[in-house]
Amino acid sequence: MKLTTSAQMRELDRIAIEERHIPSVELMERAAEGVAAAVLTLLPDQAAHCRIAALCGAGNNGGDGLVITRLLRQNGRNAAVLLVSGAPKTADAAENLRRLPAGTPVYQPEQLDEAFSGRECVVDCIYGPGFHGELRGNVPEIIAAANKCNYRIAVDVPSGVNSDTGELDTRCLRPTHTLVLAALKQGMVNAPASDILGELHLLD
């Protein structure tokens, strides 16, 4: 079994961008394509009517969620965005916020109740493999609401889980499915993280 650390994943990204000259925004697009396709297979038969909310952090993990939302809406799905920390803080995420189709609902943190109203599925793109420590600010409240949804899909690593050690903030997302990008992360085979990941799906 191939396991990677967060540092190794950052190095793989660097090689792809700097040595293989693949634009970072293109890497984001490729990852999101795989996730969006997987989400559609995991939702129930009535997926066309399943209301989805992508929880997007301020960094490039949030950028992934914005691309996923765009692709889901292009497939006719009812998908919205909750900007967990307000406006994106990276160029790629900001660009993908601009690329959202017209009419896409985009909620701010203070619109939590409205963002989750009637949502059956959440796609967790708040934090990625670099998370460590504790969930801060309004994130625990948002995740608590997300954990009440029927379908909880974590992208790469559930928010609140340390992907290197397997430690977690007990207020972390409790996914029904975790869509792992490229390779399993080292901490995913360690308790307590290994006990809360739901169904694991490895995406190329």
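Note that this is a predicted model, so its numbers are computed, not measured.

K.L.:
Would you mind showing me how to read the overall build of the protein here?
P.N.:
Scanning the protein from terminus to terminus reveals six helices and nine strands. Against the compact-globule benchmark of 17 Å for 204 residues, the protein has a radius of gyration of 16 Å, which places it among compact chains. The principal-axis extents of the C-alpha atoms in the protein amount to approximately 40 × 40 × 35 Å. Long-range pairs, those at least 24 residues apart, make up 74% of the contacts in the protein with a sequence separation of at least 6. Entry remark: accessible area of the protein is about 9400 Å², with carbon and sulfur atoms responsible for 48%.

K.L.:
Help me understand the sheet that holds strand S4 (residues 106-107) in this model?
P.N.:
Each strand in a sheet pairs with another by means of backbone hydrogen bonds, the pair being arranged parallel or else antiparallel. The strand order across the open sheet formed by seven strands is S4-S3-S2-S5-S6-S7-S9, and the pairing between neighbours is parallel. A strand with exactly one partner marks an edge of an open sheet, and here the two such strands are S4 and strand S9 (199-203). Bridge analysis of strand S3 (residues 78-83) against S4 gives two bridges, and the strand direction is parallel. Pairing of leucine 82 across the sheet is with tyrosine 107, part of S4. Packed onto the sheet, helix H2 (residues 24-42) meets strand S5 (121-125), strand S6 (151-155), strand S7 (177-181) and S9 and runs at close to 155° relative to S7.

K.L.:
Just checking my understanding: could you explain the nonpolar core for this structure?
P.N.:
Nonpolar side chains tend toward joint burial in soluble globular proteins. The biggest cluster of nonpolar side chains holds 23 residues, and the ones touching the most others in it are Val35, Val39, Ile68, Val123 and Leu179. Looking at this core element by element, the count peaks at seven residues for H2. Not counting residues within four places of it along the chain, the set of residues in contact with valine 39 comprises Leu72, Val123, Ile153 and Leu179. Ala53, Val84, Leu135 and Leu173 belong to the second largest nonpolar core, which has 21 residues in total.

Basis of the calculations
- Residues numbered from 1 in each chain as written.
- Predicted model: local features only at pLDDT ≥ 70, side-chain atom pairs only at ≥ 80, totals over all residues.
- Heavy atoms only, no water.
- Helix = DSSP H or I, 4+ residues; strand = E, 2+ residues; numbered from the N terminus.
- Rg over C-alpha atoms; globule rule 2.2 N^0.38 Å.
- Contact = heavy atoms within 4.5 Å.
- Areas by Shrake-Rupley, 256 points an atom, 1.4 Å probe, with all protein chains shown as cover.
- Pairing = 2+ DSSP bridges.
- Axes fitted to C-alpha atoms, helices over the stretch in contact; angles between N-to-C directions.
- Core = buried A, V, L, I, M, F, W, Y, C linked by side-chain atoms within 4.5 Å.
- Buried < 20%, exposed > 50% of the residue type's maximum accessible area, 1.4 Å probe, protein only.

Scope: geometric values only; no functional claims are made or implied.
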